[in-house]
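Residues per chain, in single letters:
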Amino acid sequence: MARNVSTDPRQHAPSPISETKVVVENFRAYFGRSAVLRNITLTIKPCERLAIIGPAGSGKTTFLRTLNRLNDLEPLFRYTGRILLDGSDIYDGDADVPALRRRLGMVYAVPTPLPWSIQENIVFGPRTAGVTNRHKLEEIVERALRGAFLWEEVKDRLKMNATDLSGGQQQRLCLARVLALEPEVLLLDEPCSGLDPISTAKIEDAIAELKSRYSIVLVTNNTKQAARASDRTAFFLMGEMIEIGDTRQIFTNPVHGHTNDYITGNFG
Amino acid sequence: MKRPSPPAMQRVAVSFMWLGTIIAVGVLLFIVAYILMLGLPHVTWEFLSQGPRLMGREGGVLPMIVGTLWVAGLAVMIAAPVGVITAIYLTEYTTEGKLTAVIRFGADCLAGIPSIIFGLFGFVFFTITLGMGLSVLSGAMTLAIMVLPTIIRTSEEAIRAVPRAYRDAGYGLGATRWGVVTQVVLRSALPGIGTGIVLSIGRSISETAAVMLTAGSALRLPTSAFDSTRTLALHFFVLSREGISMPKAYATASVLIVAILTINLLAYWVMQRFVARVR
């Protein structure tokens, strides 16, 4: 479990929730003594696509794994500050962490299909959440696979082992698996990093489509992808958020020199 | 001196590998074939279905077959759950530290102790102190302790070999720790855990010294866990050591070898089917 070294979060008044889905306030994260996130403050609106860009080691992935409390699994993880989802602190002592992770569904950089059938991969989440009705589960499988643009390719072989799919299909299966949870926020950690351009395009199509229903946080190493597939962009550097703004503004007229250097390829 | 050319080195290396493999497999096949050739002609239906007469000079080994299955079966039924649970605790529920290091070191030490020492411990503790006497139960408990380190270590390795990505996927999909352990990790580690258990069954069946001191060497058919019994391995030892009957000794050894082969094959077959089903 994470140990909260901040003051009791409940003594703060709840933040207004009207136009924000996620609020991150003065968030710092440490692994042991080394700080990996320094004073991150940002908000994520409902149904917006936020891209996070930055060089390797800038804390992008740690930030995502902080949002669904996956860093709790690291024994040396510590944090200060707070993160609110719909106004309530996700690091609150009696938060239901598994339920929280279903609300913030995550797709990892490397496709991580479990070595089971396509169908089993998708029903795992809903079943864990307590859905047992067979018809309901079948419905969920179809809806999730359609949402990830994978249904047409696999509808006749749902019993096939997921690890036999191609890399791009595996990643879309991972997206489908998350959609089956009916999350509120999608956390995509470099979802296209190992994929060919066609697979990448399919994932981006899915992201564009899904925007109407979910807030999406897209971590990417590909600045062009950030420019194509996001509404707002945040630039991280060495654990700090240097700049956040409308994607168009970040890519045409960044405020900070480091941001400009990064997006023009002068370092990173 | 001129260095040999790479292809020549390659040929030499490959020949050595072949030689090593042939020696390893050859010795094994020779032993098995030798014993089966001397023993199998004496393995008759009467040998398998009757009790021994005249201390085993005549008659069969039915009580020993039953006794072996009792002792080894019970031992693994005790050791497997305890061992697997310990391995789960060590890998999934604690962080690496002094405690895990001590437990692991202890397990490794236990694995290296000669079986006669386990026998002595079992004799003093189970047989005398706990008053179980020379019995199937004493023998099984002793063997359970003896194979426990093997089960813990093989299970631990199997669990550790499950990719971290599987765990991340499980947690990310909203599973609890228990859900991830039972449905994701154990499911993938099962073949490895099964291998450890099969190894333990083999060791339990073939153990001689430890059961001699704890299960005793009664010749009658055991009817409860508190009866003394004689296992096949011990029967072979007594028959040959005391010069009672070498043909019967080899026949007993043959039964032992065939039993172990059968159990291993059966276990692998069941495991394959099981793995194919859960995949």
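Bear in mind the structure is a predicted one, so any value in this text is a computation, not a measurement.

(A) Quick peek at the overall build of chain B. The number of helices and strands found in chain B is 11 helices and two strands. The principal-axis extents of the C-alpha atoms in chain B amount to approximately 65 × 65 × 40 Å. Restricting to contacts in chain B with at least 6 residues of sequence separation, those with at least 24 account for 75%.

(B) Up close: the interface of chain A and chain B. Opposite the 22 residues of chain A that make contact, chain B presents 15 residues. Of all the elements in the fold, those that place two or more residues in the side of chain A that touches chain B are α2 (97-103) and α3 (118-128) of chain A. Per-element accounting of the side of chain A that touches chain B gives the leading share, four residues, to α2 of chain A. By residue class, the composition of the side of chain A that touches chain B is 14 nonpolar, five polar and three charged.

(C) Region of the structure containing the packing of helix α3 (residues 62-93) of chain B against helix α8 (residues 177-206) of chain B. Residues and elements named next belong to chain B. The interhelical angle for the contact between α3 and α8, taken along N-to-C directions, is 145°, at an axis separation of 10 Å. For the pair α3 and α8, the sense of crossing is right-handed. Residues Thr-68, Ala-72, Ala-75, Val-76, Ala-79, Ala-80, Val-84, Ile-88 and Glu-92 of α3 form the contact with α8, whose participating residues are Val-181, Val-185, Ile-193, Ile-197, Ser-200, Ile-201, Ser-204 and Ile-205. Here the residues of the contact of α3 with α8 are counted per class, giving 13 nonpolar, three polar and one charged.

(D) Quick peek at the environment of Ala-169 of chain B. All names here are of chain B. Structurally, Ala-169 can be placed in helix α7 (residues 164-172). Residue classification places Ala-169 among the buried residues on the basis of 26 C-beta atoms within 10 Å. For the pair Ala-169 and Val-180, spaced 11 residues apart in the sequence, the C-alpha separation amounts to 9.0 Å.

(E) Molecular detail of the environment of Ile-122 of chain A. All names here are of chain A. As for its position among the elements, Ile-122 is in helix α3. With 77 residues separating them in the primary sequence, Ile-122 and Lys-45 have C-alpha atoms 27 Å apart. Other than its neighbours up to four places away in sequence, Ile-122 contacts Ile-140, Val-141, Ala-144, Ala-176, Arg-177 and Ala-180.

What counts as what
Residues numbered from 1 in each chain as written. Chains lettered and ligands numbered in written order. Predicted model: local features only at pLDDT ≥ 70, side-chain atom pairs only at ≥ 80, totals over all residues. Helix = DSSP H or I, 4+ residues; strand = E, 2+ residues; numbered from the N terminus. Contact = placed C-beta atoms within 7 Å. Nonpolar A, V, L, I, M, F, W, Y, C, P; charged D, E, K, R; others polar. Axes fitted to C-alpha atoms, helices over the stretch in contact; angles between N-to-C directions. Left-handed = near helix turned anticlockwise from the far one by under 90°. Buried ≥ 20, exposed ≤ 12 C-beta atoms within 10 Å, placed from the backbone.

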